[in-house]
Amino acid sequence: MGVLLLDIVTTAAILFAVASGLMIILGVMKLINFAHGAFLTIGGYAAYATTQLGWNPWLAIPFAALVGFVLGLIVERAIVRPLYARPLDAILATWGLGIIIGQVITIVFGRQVQFVQSPISGAIEFLGQSYSTYRLVLVALAAVLALALTALLYYTRFGLNARAVIMNEDLARGLGIDSTRVRLTTFGLGAALASMAGALITPLISVDPNLGLPWLVNSFMLVLVSGISIPGLMVASLILGGAQVVVSTYLSAILGGLTIVVLAAVILRIRPQGLFSG
Amino acid sequence: MNGEAAILAVSGLTSGYGEAIVVRGVSVAVAPGEIVALLGKNGMGKSTLLKTVMGFLPAREGQVTLHGRDVTRDPPYRVARQAIAYTPQEQAIFQDLSVGDNLRLGQPDARWFDEELARVGEVFPFLKERLGQRAGTLSGGEQKMMLVARALMARPKLMLVDEITEGLQPSIIQRLAKALLAERARTGMAMLLVEQNVRFALEVADRWAVVKLGEIDDEGRSDAPDAAARIAKHLSV
């Protein structure tokens, strides 16, 4: 039972980290970034590159975030920004971008599965159970991430400007807020979060050019259920991630893989605005 | 009014929505410290003029200069950063943000927030006590006062005010008039008001102009003895 609880909490932490970048972009830009999975994959390969270069494995996290941020800025400027007035086209463009990124990664790194070095290995005794140290560290990192995102959105000028843009972009512009810059920074931040999450999960899984794809669907569902709020995403990750763990443990891993999508579809059928939106 | 000395100079401005031309070759200038009121019935192009000055609508013809600099093609955020405060008629506040956050958005430099809050708080004392309250829960009059306070937070050189008195009781209108005139006296702020409340406009403004079908139909000084009668004649037709 103790291991099950720890699995639920650590899975929720991983899901939160993976979905947060998608949520930030959707919340501020009203854009579903279908390249989110590709940015996760980029983060995975940034971690792989870190291993190959012989760097300290912890450096994979900031390195992936930096790579994601820079690429996010380029993508926003070159692909997303010209399509602001055509939101559907912008979504399709990110979908296409995801495919292109996957192909480029395949050309550069090959199709084969790669592995990265974990910053921490082994297990520790926790709540009377022997449990993966790295998974427990992920919980702490996800908590730090949640606090940092909350602080950014609610205690900084950028956060205030971003919330103003979300609520009424024209009014925000009339107050001197450069909403284009807010969107640029937000996309860069979302891409950085996705890449960082990719680097965080790679010690638990293998790295391949399609790494991000299954996470994209789950992230999308979690964000919709969250009602696009940070506490909402935490709770949605806990509930849906918890259900996934329970189904995987007691029924089958295949059914477990479908749990988040199915449960989210049911929740959204009953409450289309998500669990935590007014 | 000499266009070169004006803080705002609009010349031959034409704009509208889609195919519809709403503002037709309007020229108006506002000098530093001057208050000009644009009067007219609904749908005559007054608000469209302000939106075009702010850059929310593209100018099809004509020019807008602020402090002598051409801002005709500038986006709204860049216009606003020229020490311009714009208070739109509708959806003017962030309903789901707190009063404090709404006011913070009026003052881009956080270092000045407390000082400016103390200043506008003297005019509207209730704001200081309700910084944490959601702005959408304020009464209509309080929201308008907060709107003016937010505009004053950055000590603008020019305020563009769109029908601030609409739906307000006379006591609140008096309070707003007093606040705007006090700010003008203290900082030399200029104003371009769009109004339907003639009494308020003549009390506050130095000059007035009546906008009819997108054009300036008549204009004059507010202290002229026949100002109210001339305006009434235009508005009654």
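First things first, this report covers the structure right here in the doc. The model shown is predicted, which means the values in this text are computed figures rather than measured ones. (Residues numbered from 1 in each chain as written. Chains lettered and ligands numbered in written order. Predicted model: local features only at pLDDT ≥ 70, side-chain atom pairs only at ≥ 80, totals over all residues.)

1. Some points on the packing of helix α3 (residues 60-80) of chain A against helix α8 (residues 179-201) of chain A
All names here are of chain A.
Next, step 1: For the pair α3 and α8, the least separation of the axes is 6 Å and the interaxial angle reads 140 degrees. You can see that α3 and α8 cross each other, and the crossing is right-handed.
Next, step 2: Class assignment of the residues belonging to the contact of α3 with α8 gives a composition of 18 nonpolar, 6 polar and 3 charged. (Axes fitted to C-alpha atoms, helices over the stretch in contact; angles between N-to-C directions. Helix = DSSP H or I, 4+ residues; strand = E, 2+ residues; numbered from the N terminus. Left-handed = near helix turned anticlockwise from the far one by under 90°. Nonpolar A, V, L, I, M, F, W, Y, C, P; charged D, E, K, R; others polar.)

2. So, helix α7 (residues 170-187) of chain B
Residue pairs spaced three or four apart in an α-helix point in one direction, given the helix's 3.6 residues per turn.
Residue and element names in this part refer to chain B.
Next, step 1: Counted at 1.5 Å a residue, the expected span for α7 with its 18 residues is 26 Å, and the 26 Å between its end C-alpha atoms agrees.
Next, step 2: Structurally, α7 contributes buried residues whose contacts are with α6 (140-152), β8 (190-195) and α8 (198-204).
Next, step 3: Just downstream of α7 lies G188, where phi reads positive at about 75 degrees. (Expected span 1.5 Å × (residues − 1). Contact = placed C-beta atoms within 7 Å.)

3. Let's talk about the interface of chain B and chain A
Next, step 1: Of the residues lining the interface, 20 residues belong to chain B; the matching set on chain A comes to 14 residues.
Next, step 2: Mapped by element, the contributors of at least two residues to the side of chain B that touches chain A are α2 (76-80) and α3 (99-106) of chain B.
Next, step 3: By residue number, the principal contributor to the side of chain B that touches chain A is α3 of chain B, which donates 4 residues.
Next, step 4: Classifying every residue of the side of chain B that touches chain A gives 14 nonpolar, 2 polar and 4 charged.

4. Brief notes about unusual backbone geometry
All names here are of chain B.
Next, step 1: Positive phi outside glycine occurs at Q91, with the angle close to 45 degrees.
Next, step 2: By the element assignment, Q91 lies in the loop between β6 (84-87) and α3.
Next, step 3: Accessibility expressed as a C-beta count within 10 Å gives 11 for Q91, which makes it exposed.
Next, step 4: Even without being glycine, R155 reaches a positive phi, approximately 50 degrees.
Next, step 5: Counting through the fold element by element, R155 comes out in the loop between α6 and β7 (158-162). (Buried ≥ 20, exposed ≤ 12 C-beta atoms within 10 Å, placed from the backbone.)

5. Points about the environment of G242 of chain A
Residue and element names in this part refer to chain A.
Next, step 1: Looking at where G242 falls in the secondary structure, it is placed in helix α10 (residues 230-250).
Next, step 2: Considering only alpha carbons, one finds G242 and I260, 18 residues apart in sequence, at a separation of 9.3 Å.
Next, step 3: If sequence neighbours within four positions are ignored, G242 has contacts with I8 and A12.

6. Quick notes on the nonpolar core
Next, step 1: Core analysis: the biggest nonpolar cluster contains 162 residues, and A64, L222 and V223 of chain A together with L8, L160 and L193 of chain B have the highest contact counts within it.
Next, step 2: Looking at this core, the element that brings in the most residues is helix α1 (residues 2-29) of chain A, giving 17 residues.
Next, step 3: For A64 of chain A, the residues in contact, after removing those within four places along its chain, are G43, A46, A47, S195, M196, G198 and A199 of chain A. (Core = buried A, V, L, I, M, F, W, Y, C linked by C-beta atoms within 7 Å.)

Everything listed here is a matter of coordinates, which is why it stays silent on function.
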